[in-house]
Number of protein chains: 4
Amino acid sequence: MNFCSDNATGASPEILDAVVRANEGHAMPYGADPLTRRAEDRIRELFDCDAAVFFVATGTSANALALSVMTPPYGAILCHPHAHLISAECGAVEFYTHGARLLHMDDVDGKCTPTGFDTAWSQYGPSVHDVKISAVSLTQITEAGTLYDIETVQSISDRAHENDLSVHMDGARFANAVAALNCHPADVTWKAGIDVLSFGGSKNGCLGAEAVVIFNKALAEQFAYRRKRGGHLFSKMRFVSAQIDAYITNDLWLNNARHANAMASRLAVGLHENCGVELLCQPPANMVYAAIPESAKDGLEADGFQIYRDVDGIGQFMRLVTAFNSEPAVIDSFVESVARHQ
Amino acid sequence: MNFCSDNATGASPEILDAVVRANEGHAMPYGADPLTRRAEDRIRELFDCDAAVFFVATGTSANALALSVMTPPYGAILCHPHAHLISAECGAVEFYTHGARLLHMDDVDGKCTPTGFDTAWSQYGPSVHDVKISAVSLTQITEAGTLYDIETVQSISDRAHENDLSVHMDGARFANAVAALNCHPADVTWKAGIDVLSFGGSKNGCLGAEAVVIFNKALAEQFAYRRKRGGHLFSKMRFVSAQIDAYITNDLWLNNARHANAMASRLAVGLHENCGVELLCQPPANMVYAAIPESAKDGLEADGFQIYRDVDGIGQFMRLVTAFNSEPAVIDSFVESVARHQ
Amino acid sequence: MNFCSDNATGASPEILDAVVRANEGHAMPYGADPLTRRAEDRIRELFDCDAAVFFVATGTSANALALSVMTPPYGAILCHPHAHLISAECGAVEFYTHGARLLHMDDVDGKCTPTGFDTAWSQYGPSVHDVKISAVSLTQITEAGTLYDIETVQSISDRAHENDLSVHMDGARFANAVAALNCHPADVTWKAGIDVLSFGGSKNGCLGAEAVVIFNKALAEQFAYRRKRGGHLFSKMRFVSAQIDAYITNDLWLNNARHANAMASRLAVGLHENCGVELLCQPPANMVYAAIPESAKDGLEADGFQIYRDVDGIGQFMRLVTAFNSEPAVIDSFVESVARHQ
Amino acid sequence: MNFCSDNATGASPEILDAVVRANEGHAMPYGADPLTRRAEDRIRELFDCDAAVFFVATGTSANALALSVMTPPYGAILCHPHAHLISAECGAVEFYTHGARLLHMDDVDGKCTPTGFDTAWSQYGPSVHDVKISAVSLTQITEAGTLYDIETVQSISDRAHENDLSVHMDGARFANAVAALNCHPADVTWKAGIDVLSFGGSKNGCLGAEAVVIFNKALAEQFAYRRKRGGHLFSKMRFVSAQIDAYITNDLWLNNARHANAMASRLAVGLHENCGVELLCQPPANMVYAAIPESAKDGLEADGFQIYRDVDGIGQFMRLVTAFNSEPAVIDSFVESVARHQ
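Quick caveat: nothing in here was measured; it's all calculated off a predicted structure. (Residues numbered from 1 in each chain as written. Chains lettered and ligands numbered in written order. Predicted model: local features only at pLDDT ≥ 70, side-chain atom pairs only at ≥ 80, totals over all residues. Heavy atoms only, no water.)

A.B. asks: Mind laying out the interface of chain A and chain B, listing which residues take part and the relevant values?
C.D. replies: Opposite the 50 residues of chain A that make contact, chain B presents 50 residues. Among the residues chain A hides against chain B, the three largest losses belong to Phe95, Arg229 and Lys236 of chain A. Together they make up 18% of the total. Put simply, chain A and chain B have 0 salt bridges between them. If you list the elements that add at least two residues to the side of chain A that touches chain B, you get helix H1 (13–21), helix H3 (59–68), helix H5 (92–97), helix H9 (220–229) and helix H10 (238–247) of chain A. With 4 residues, H5 of chain A is the single largest residue contributor to the side of chain A that touches chain B. In terms of residue class, the side of chain A that touches chain B is made up of 24 nonpolar, 19 polar and 7 charged. (Contact = heavy atoms within 4.5 Å. Buried area = accessible area lost by both parts, 1.4 Å probe. Salt bridge = Lys/Arg side-chain N within 4 Å of Asp/Glu carboxyl O. Helix = DSSP H or I, 4+ residues; strand = E, 2+ residues; numbered from the N terminus. Nonpolar A, V, L, I, M, F, W, Y, C, P; charged D, E, K, R; others polar.)

A.B. asks: How would you sum up helix H12 (residues 294–302) of chain D? Please name residues and give values.
C.D. replies: The periodicity of an α-helix, 3.6 residues per turn, causes residues three or four places apart in sequence to face the same way. Residue and element names in this part refer to chain D. The set of residues buried in H12 consists of Ala296, Lys297, Gly299 and Leu300. Projected onto a plane normal to the axis of H12, the buried residues spread over an arc of 160° and lie on a single side. Tucked inside the fold, the buried residues of H12 contact strand S11 (318–321) and helix H13 (328–341). (Buried < 20%, exposed > 50% of the residue type's maximum accessible area, 1.4 Å probe, protein only. Arc of directions from axis to C-beta.)

A.B. asks: Describe the interface of chain A and chain C, listing the residues and the values that go with them.
C.D. replies: Contacts between chain A and chain C engage 16 residues on the former and 16 residues on the latter. Summing both partners gives a buried area of about 1200 Å² for chain A against chain C, and 44% of it is carried by carbon and sulfur. Considering only the surface of chain A that becomes buried against chain C, Cys90, Glu94 and Arg101 of chain A emerge as the three largest contributors, covering 44% of it. Where chain A meets chain C, there are 2 salt bridges. The closest approach of N and O atoms between Glu94 of chain A and Arg101 of chain C, which form a salt bridge, is 2.7 Å. Inspection of the region where chain A meets chain C yields 8 residue pairs in polar contact (both at pLDDT 80 or more). Mapped onto the side of chain A that touches chain C, the elements with two or more residues apiece are helix H4 (84–87) and strand S3 (101–104) of chain A. Ranked by residue count, the leading element in the side of chain A that touches chain C is H4 of chain A, at 3 residues. Within the side of chain A that touches chain C, the residues separate by chemical class into 8 nonpolar, 4 polar and 4 charged. (Polar contact = N/O pair within 3.5 Å; in protein donor to acceptor, adjacent residues only side chain to side chain.)

A.B. asks: Explain the sheet that holds strand S3 (residues 101–104) of chain B residue by residue, including any values.
C.D. replies: For sheets, the rule is that strands pair by backbone hydrogen bonds, running either parallel or antiparallel. All names here are of chain B. The strand order across the open sheet built from 7 strands is S1-S9-S8-S7-S6-S2-S3, with neighbouring strands paired in mixed fashion. Since the sheet does not close on itself, it has two edges, and those belong to strand S1 (52–56) and S3, each with one partner. Sheet twist, expressed as the average angle between the axes of neighbouring strands with direction ignored, equals 25°. The pairing of strand S6 (residues 132–139) with strand S7 (residues 166–171) spans 5 bridges and is classified as parallel. When the bridges of S7 are listed, Ala135 appears paired with Ser166. Contacts between helix H2 (residues 34–47) and the sheet are confined to S1, strand S8 (196–200) and strand S9 (210–214), with S1 contributing the most and set at about 125° to the helix. (Pairing = 2+ DSSP bridges. Axes fitted to C-alpha atoms, helices over the stretch in contact; angles between N-to-C directions.)

A.B. asks: Explain the relation of the copies chain A and chain B residue by residue, including any values.
C.D. replies: Laying chain A over chain B is done by rotating through 180° and shifting 0.0 Å along the axis; what remains is an RMSD of 0.0 Å. This pairing of chains is accounted for by a two-fold axis. Minimal C-alpha separation from the rotation axis in chain A is found for Gly230 of chain A, amounting to 3.5 Å. Here 100% of the contact residues of chain A are again contact residues in chain B; the copies associate through an equivalent surface. (Least-squares fit on C-alpha atoms with pLDDT ≥ 70 in both.)

Shown next, in the form of structure tokens:
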């Protein structure tokens, strides 16, 4: 009964089984094994693109390594003021890029906007006295639980490319976004101008597995060295690759995300209609921001629900996150608990 | 039938079971879960020391993060010319330390010596023109498969401490060393002057799990930040902690290592006595360096054995590594294959 | 007739003479010469404090090296949103600190405030997920030409020290500040809680010379190594030291600054009273922000005055900077030009 | 009477005069002044090549910045085991390259050899487990006072380019080399395969001025940013540019070097023929390595000569360096002192 984050859940049974199966026999280390090759190939098929594909085990390493091949040390990256990159990765981007700077774009509803890009860009006068803006990073779904539509991604990417910037997507919850958009994964990535995607698995059923999908293959060699140098090339890589392989088998990634999204919707509707709780917005994916009264928070905790009372909220709105395995009954009892205690 | 490395094996069943069990229920992320706390406590008990304990998933990250809290960016680290740190981690130490330098000590039998330390130190005149020697790193067992006795570790550590250097032990195969020394793990670490240990699990039955044991707790806060910043703090940490917990339950780590060591001994005896193959030395642990003729290498490969023909050897001696699950029959058939083909 | 910046002027004759005199005879390199020792001692006398003193040749290196000994790579530095550190040094702070982050404090009149500190601090919850706030940097005089009084410096420093942060002062125009405050240089530095001062010379009569004054001597060894490693330890150091020595002889630094300040005042009065030009504020030191009409800017350029039309302004206020050798007649003719063309 | 190093001398009168003259009037800062443009153009003329040219004030910054645009952070640079880069710059190369590694090539007479390159290259197997060899650095004249002929430079450069490495020349004493080779400066640089040259001035008559000459202009933008970020872009750049301008006017750089070389030759002949002192070799340029007896060293110091007794020697050979302004009479009295005291 944990609503803090989708990383408080465990792993999908299908993925755990794949890890157990991967244990059979020997395999050459450091990714030189057939399972890794297969999982890489299947990611390329999934995205319908001859991308370079790399597996790592944490979202922070995926993001920081991705950006390390997209900006020089004297560069800067435009992103949302509350981007996970800025607020929750202890400066990993600065570490992996050797000191590039994270700069803010203005937003609406937690989403960067083409106008926000234009404003940031207009304030920038390229010269050696300032850091050189080199990349843009968008989080999909956003840290506010909102969703970029394809047109907005395209519009920001176009502006970036016109100015020789490259575009990164932090897709820690990419599956929830694709489920919500009901589009092909290519549509909101490379076809919309994304150069590098952090394709998250850890929050949606993996134990710890992320794929970095580099649509511009020229950046691949650099990435391979930087991953090893960062200590993120696993000797027994097959145990990471097995997760990704199972994750995209039979649309598990999408089905998991659809369930989580549906549970968030159920939670939002319940809180709003049954309890009159104000929402930041109707959740498109699996994150709900709800203005739950303090008394009800006390009650929820008394009833055994785990919530983040003091972190990750937006103003008076507390963040609630559903997961691939959230149970409808638990959602309903959460709503009931709020109703009872407010 | 893979003799390339102990990282070509899978995981111990006990450890895989622990991972599966860890999947039950929710757990707070990033190591704030009971299983992580328990595993940390048990490492402290194992070493009989109130150390700071951190889990990561790769040996490279363990080593590089450990050294990053032991040397300033303008520092230098004395180690063996063939230390894994130098030869096989793509500059991870330079990356995590922000540019410290790895300097060589002279060796005998693949082991750094007190005399080698003295020579290196005597050539060093501290001034701002040179990098500042700040730490020593010893690999136990060594990259040549040899074993430091307690006295040598103590003797090098004493010299280091007299000069205000701290001492790191790369214990990727620490279990094999303790099994070979038949000592308490404290005896060859903090009691012998080791300040920080990389306690390896991945090569001895874990999927991907290492413990960094910091006997000098003053370095712990730095380590915690640097681990997160490096992308090595797992959100679902319990899946790493569960491995360590199982690893040290019922002496699994030692029993695994004892088996691997025994298999290496069986291999060495077989090669030497049955085939007359020259050995670099009688293996104290789980690595054999054997001068196998080229014809026999061809034959081994034809018979389905995987070997590193071109990497990780020492001169004419090919490296052969046994693991926790090497089967005596496979060892014997390897020897037989050599006998047949040489 | 250059009003762009005080770095568009040359050097004081007294300082140039000192450089010429320093050329006599041999001297041991890298600062091991008597002139360097003397200049360091005299800085200590000037500040009435047994500080560690280091000379460098650029303001950017002074600031970045100073902060590199005050924050870890995973740290953050609170400063003004328009701090020179952020806006005009190409990420030198990120480079020298290995990736620490510059965070904003709210301001009034271009000055950080104790309240701004409190707000920034209250939004910060120390954990490994965020960068660790480690230092504060104040620019004196500020980038807006305004002046911190001693009480404000003390008040911000007190807050910083209560939270174990250290405090840096970017004193690129420190002389202008001391001249304006008419205080002892100790009063607004170490006696008011400053831990490290970048004491600027290059903008006030030196060719290229800055002193980093470290009131907390424990940081000195680190600084010495980092200066050398950054390529800022001059072999013929005496030519830098000679500048500093002359700079503080017979109060040259203060007299130069007093003149520059007086010329700025003359310029401000002239623009406001003769031309009705709106000022951002009455200038306490040597920087004037004046809302000069576009037509008058055209006229100034036609009359041969060099101005920064597009950089370094604040809103509609153009920045005008006077220097140690600005001539009253040139000031007056500038005012006259504005009057004629507006 | 200082024979420690050519950086213990002052500046050429012509250069000091140029600095004084550069003080007239205003100039736009950060190199946007006419004198800087002219000096850059004249360097291009001197080398008969449309190179990118950057001025800095120290040799360490010239070398480290040069290499920072020639190797990625996960790269390695082949150089001489005693290269100044390794032994005397406190890890500046590691700092500016963000952790690239310096690897040794075998040498003869203090010079790297084509064979040494081949050996180093043959031991290197490119993979992400090792750092990636990316560049070669040669010191001309070498740290042993010896001289690369054009053919050797060409031969090593050819090997480097065949393997996609770029080639740097540390020309701290480049003038002494050109004087000794009696060739055009292009012949031993870009025409012989050098990609980037650190063209030293500080040891040969400048106060503190070096030119980085980038024959491959594609690297120029990066260099400009990195110089600024390193704090090496001077606000009053004209005082550095004036030095370079005077340095190459009327062949001052060559005439200074020829004198220094002649004085070294006079010293070597005197020591060998008059005193029977053994020399490491007959000096081609301005560095003499001489096996002076300890008693004579005591005597030299008693007679007022400054020598490096404990640093920078090679075995029993003490290093003696002559400069652009060494006086024949002082050379002779040095020899006489040795003769008297040995």
